[in-house]
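Fold and geometry: a report
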Amino acid sequence: MGPWRIPFASLYPDVMVVCQPGPPHPYYEEAPCAVVEVLSPATEVQDRREKRALYETLDSLEVYLLVDPEARRFTLYRRTPEGFAEEEGEEALIPCLDLVLRAEEAFRL
């Protein structure tokens, strides 16, 4: 998977969902509807602050999901008419995939 690109930055999310037909550029995406980052001690602060602020600038983004493997929980930032709302728990609704991701299933290894 290539990077997600905005005019002033290139980011490499852990998972990115793009629902628009055909990428406008062969090397990067510009319109993800969902982005997932798996937290680690080395990247958690950047994922929660800097990356979140950049991801939320995209009109196409519906959800930004943070996966905490230590706590086995999700933090989901969902686009609403008022901006992005934060939700925490063991389930995450990803509308563009028509998917409810459950921690029990996601962390089953």
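Here we summarise the structure given alongside this text. Remember, it's a predicted structure, so these values are computed and weren't measured experimentally.

Thresholds applied
- Counting restarts for each chain, with residues numbered from 1 along the sequence as it is written.
- The predicted nature of this model means local features are confined to residues of pLDDT at least 70 and side-chain atom pairs, given and counted, to a pLDDT of 80 or more, with totals for whole chains, interfaces and linings taken over all residues.
- Side-chain metrics rest on all non-hydrogen atoms present in the structure, leaving aside hydrogens and water.
- Cysteine sulfur atoms are paired as a disulfide whenever they come within 2.5 Å of each other.
- The helix count covers DSSP runs of H or I at least four residues long, the strand count covers runs of E at least two residues long, and both are numbered beginning at the N terminus.
- Buried residues are those whose accessible area, probed at 1.4 Å on protein chains only, stays under 20% of the maximum for their type, while exposed residues exceed 50% and partly exposed ones sit between those limits.
- In this count, Lys and Arg are taken as positive residues and Asp and Glu as negative ones, while His and the chain termini are left out.
- Salt bridges are defined by distance alone: a side-chain nitrogen of Lys or Arg within 4 Å of a carboxyl oxygen of Asp or Glu.
- In what follows, a contact means two residues having at least one pair of non-hydrogen atoms within 4.5 Å.
- What makes a nonpolar core is a set of buried Ala, Val, Leu, Ile, Met, Phe, Trp, Tyr and Cys residues whose side-chain atoms join them at distances within 4.5 Å.

What the rule picks out here adds up to one disulfide. A sulfur-sulfur separation of 2.4 Å characterises the disulfide bridge that pairs cysteine 33 with cysteine 96. Because the torsion about its S-S bond is 80°, the bridge between cysteine 33 and cysteine 96 counts as right-handed. With cysteine 33 in the loop between strand 3 (15-17) and strand 4 (34-38) and cysteine 96 in the loop between strand 8 (91-94) and strand 9 (99-102), the pair connects residues that are 63 residues apart, well separated along the chain.

Turning to the side chain of aspartate 68, a few remarks are in order. Structurally, aspartate 68 is set in strand 5 (residues 63-68). One buried charged side chain, aspartate 68, makes no salt bridge at all; its nearest oppositely charged neighbour is arginine 48, positioned 4.7 Å away. Filtering out sequence-adjacent residues up to four positions away, aspartate 68 remains in contact with Leu39, Arg73 and Phe107.

Ranked by internal contacts, the top residues of the largest apolar core, which has 13 residues, are Ala34, Leu65, Val67, Phe74 and Ile94. Those elements that place two or more of their residues in this core are strand 4, strand 5, strand 6 (73-80) and strand 8. Of all hydrophobic cores here, the second largest spans eleven residues; its members include Tyr55, Leu61, Tyr64 and Leu66.

Unusually for a residue other than glycine, arginine 72 sits at a positive phi of about 55°. In this structure, arginine 72 sits in the loop between strand 5 and strand 6. One non-glycine residue, aspartate 98, lies in positive phi territory at about 50°. By the element assignment, aspartate 98 lies in the loop between strand 8 and strand 9. Residue classification places aspartate 98 among the exposed positions, given a relative accessible area of 72%.

Structural measurements only, silent on function.
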